[in-house]
Amino acid sequence: MSDSHIPAACPACLLRFTKPPCRDREVYAPLVQVTRDSPCSLCLGLLHDKAPSKIASKLGLEVGGTNRVPGTTTFVVGISFLNAWVSVLRNRSGALWLEQKRNEAVVVDQDGTATKGDDDGKGENRAEDEGESKEAENEKVAMTEEERFRLKKLKETPEVKDIFKMMIIDEIEKITDLKYDYKSLFTVNLTFDTDQWNIDSRDLKDIGNLGFRLRFSRSRAGESVPESMGSKDLKMVVDRCTFDNLTEGAFCPPPKVLHPWKLIEVKGSHGSVYVGGRYLKVYRGVSNSAWVVGGQRLAETSVEELIAELVVPLFKGEGHRFASAGREDADVLCLGEGRPFYLEITQPKRVDVSDEEIQEIQTKVNEKAVGKARFERLQVVSREESNVVRESAATKEKSYRCLVRLAAPTTKEKLDEINRLTDFELEQQTPSRVSARRVDLTRDKMIHTITVKFVDPEEVKRHLFESGAYAYAEERNRASAPAENRVEEPDPDAVDFRKRKADDGDEARTIPSKRGRHGRGGGNSRGRGKQKGNPENEDAPAVIRRTVSLDISSCDPHRLIEVEMRTSAGTYIKEFVHGDNGRTKPSLVGLLGIEGVEGAEVTRHVSKERNTEVVDYADVLCLDVTAVHLDWPPNIAQ
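First things first, this report covers the structure right here in the doc. (Residues numbered from 1 in each chain as written. Predicted model: local features only at pLDDT ≥ 70, side-chain atom pairs only at ≥ 80, totals over all residues. Heavy atoms only, no water.)

Helix and strand counts for the protein chain come out as 19 helices and 29 strands. Classification of the 638 residues of the protein chain by burial places 48% in the buried group. Only carbon and sulfur atoms are counted for the fraction: they give 48% of the accessible area of the protein chain, which is about 31,200 Å². (Helix = DSSP H or I, 4+ residues; strand = E, 2+ residues; numbered from the N terminus. Buried < 20%, exposed > 50% of the residue type's maximum accessible area, 1.4 Å probe, protein only. Areas by Shrake-Rupley, 256 points an atom, 1.4 Å probe, with all protein chains shown as cover.)

Right under this line is the structure:
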């Protein structure tokens, strides 16, 4: 440390400024034990007088006692400085002081000639650059961006909080049964503040070309306190700091400290816990997440509410976020092996939940949701594992089954032609039913396989209401529905819809800006707190028929077909069937040659979004998701 001397600095801080920088905790350990008469001008008292040990003893219940999250065995440390600019500018001043003094030192050349150091302060950097071999340069090129970042950080002077964090980790391990693990979800958050800002701000304001300024806000006690400097403002000040202007302002070397850092808050917090699984939806009228528009609930419950109601209390969480691999409309069933999802429980107060407890809660949820939904493969997953759901939006494939009533009869030969099609592409323009609320784009989609067959109307009715093969209890319908079965949509002009890209074709949704009791903030991945924020909902229908009256008894058997298909992610199934006035090409009715046929019993309705008449040559009577081809999470029962 002979080349590093900063007045009023402690030994640990002088070590930080050595070349190359030292990051060895064994070397720092004895230095933080050193006793001083006054706080260090750089670390403001954090790296001497046994400060890490003394502070660790004050952590109390939040870390080692009854307030610790049950089940926690590891930890990481988070350090926050209010008025952090005090430390930044003092360390900048110390670095400029050392640079100047080293440049003024006598340097002996190889021939024995004594010369002065470079006046421009770049001598040592130039020497290092010139001495760097080509092999080292080649190694740098071969490094990843992360490796280069780490190498750069190792060559930089370690910050005060880096060394303090390194030392206090040892102290926490001594006084608790916790072990440090950089992957731990339990964070010991320490917040420090100092009154030194008042003195330093007066000194720095006197330096005219520095541009230093603080904005003040009034605290609850009526006392004016400074707001933290923005990163841009702080960078501007740091860039303007030079040895000459800081010296003229009596701020280089860093002046003595009258007010050291003081610990003002200790808080232990646990990161989110993720519970993954798959859900089946067996009742029409259950939405994916709470469906509320203009304060009116449009579905009696949701998959999210059914699972969160019992799982969140198990972990004693403060809130949750729900995400699934796509989503189906409220009037669409989700069958087969179900749809992958995860529930993120925020700020849990308990994490030692056993696998047996998870299975017990799955049983309880299924008992409560009987007849509406079923949950399987429930298990705790990591955040990294939950990424599978988020990243599957554009890659997963799905299988559907739907019952379709055509506007005109077709033939078995036409069906056979369609059944021979595989991997044919669609061009789907944003559906007219949602185009006013979404960007009007044309998307390329794919039908991988398709099977079409005639079905007997009487057999369909029997299965529809007895066996449940087409278990259909609710249908979004048009204005032709009987008046007694209508539930009018709230005035669309009274709801400010924000545009949200459709993730999953018929599973697209819009999000109203108004806050509702049952909604979640910010979508599937970024809600905040307890069920608050913008409620999500699927596309609000003009009319919802609560009871179904499928008048298919007298329907020509050659007009009633069942369609099964496997498609790419984001395919609009209903629009593929009826064509959406030519906005989906090709369409099923187009392939069957029904579109434009004279005498066809078409369905006409007015699109509120586009204020145009829409003519459908096919009605989708019911639609089911039969498979989501994403094997997640693992089947632990096997």
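The next point concerns helix H9 (residues 160-175). For H9, spanning 16 residues, the distance from its first C-alpha to its last is 23 Å, which sits close to the expected 22 Å at 1.5 Å a residue. Restricting attention to buried positions, one finds in H9 the residues Val160, Ile163, Phe164, Met166, Met167, Ile168, Ile169, Glu171 and Ile172. (Expected span 1.5 Å × (residues − 1).)

Where burial is concerned, most of strand E17 (residues 397-406) is hidden: 8 out of the 10 residues are buried. Of the pairings in the sheet, the one linking E17 to strand E29 (residues 618-629) comprises 10 bridges and is antiparallel in character. Bridged to Arg405 within E29 is Asp619. (Pairing = 2+ DSSP bridges.)

Spatially, E4-E1-E5-E8 is the arrangement adopted by the 4 strands of the open sheet, whose pairing is mixed. Both outer strands of the open sheet, strand E4 (179-180) and strand E8 (262-270), are each paired with one neighbouring strand and no more. Relative to E8, strand E5 (residues 186-193) is paired through 8 bridges, and the arrangement is antiparallel. When the bridges of E8 are listed, Asn189 appears paired with Lys267. Lying on the sheet, H9 is in contact with strand E1 (74-81), E4 and E5; it crosses E1 at an angle near 140°. (Contact = heavy atoms within 4.5 Å. Axes fitted to C-alpha atoms, helices over the stretch in contact; angles between N-to-C directions.)

Here we take up the environment of Gly271. On the secondary structure map, Gly271 appears in the loop between E8 and strand E9 (273-281). Judged by relative accessible area, Gly271 falls into the partly exposed class, the value being 23%. Between the C-alpha atoms of Gly271 and Ile345, which are 74 residues apart in sequence, the distance is 8.8 Å. Excluding residues within four positions of it along the chain, Gly271 makes contact with Leu185 and Pro348.

Further remarks concern the state of the cysteines. For the structure on display, the rule yields 0 disulfides. Here Cys40 is not cross-linked by a disulfide; its sulfur's nearest cysteine counterpart is in Cys10, at 3.7 Å. What makes Cys40 buried here is its relative accessible area of 0%. The cysteine Cys43 is free of any disulfide, with Cys40 supplying the nearest cysteine sulfur at 3.7 Å. (Disulfide = S-S within 2.5 Å.)

Where helix H5 (residues 85-104) meets helix H10 (residues 196-205), the closest approach of the two axes is 10 Å, and the angle between their N-to-C directions is 50°. Judged on the interaxial angle alone, H10 and H5 are oblique. For the element pair H5 and H10, the recorded crossing hand is left-handed. Residues Trp85, Val86, Leu89 and Arg90 of H5 lie in contact with H10, whose contacting residues are Gln196, Trp197, Asp200, Ser201 and Leu204. A class-by-class count of the residues in the contact of H5 with H10 yields 5 nonpolar, 2 polar and 2 charged. (Parallel < 35°, antiparallel > 145°, perpendicular 65-115°, else oblique. Left-handed = near helix turned anticlockwise from the far one by under 90°. Nonpolar A, V, L, I, M, F, W, Y, C, P; charged D, E, K, R; others polar.)

Where H5 meets helix H11 (residues 231-240), the axes come as close as 10 Å, and the angle between the chain directions of the two elements is 20°. If you check the angle between H5 and H11, you find them roughly parallel. For H5 against H11, the interelement crossing comes out right-handed. Taken together, the residues of H11 that come into contact with H5 (itself represented by Trp85, Val88, Leu89 and Arg92) are Leu234, Val237 and Val238. Broken down by class, the residue content of the contact of H5 with H11 amounts to 6 nonpolar, no polar and 1 charged.

Now for the pattern of salt bridges. In the structure shown here, the tally under the stated rule is 29 salt bridges. Its salt-bridge partner being Asp416, residue Lys412 comes within 3.1 Å of it at the nearest N-O pair. Of the two residues, Lys412 and Asp416 both sit in helix H16 (residues 412-419), 4 residues apart, roughly one turn of that helix. When its relative accessible area of 27% is taken as the criterion, Asp416 is described as partly exposed. The salt bridge involving Asp580 is made with Arg583; its shortest N-O contact spans 3.7 Å. Arg583 matches Asp580 in its accessibility class, with the two residues each being buried. One network of salt bridges, with partners in common, ties together Lys281, Glu328 and Arg339. (Salt bridge = Lys/Arg side-chain N within 4 Å of Asp/Glu carboxyl O.)

All we've got here are geometric facts, nothing functional implied.
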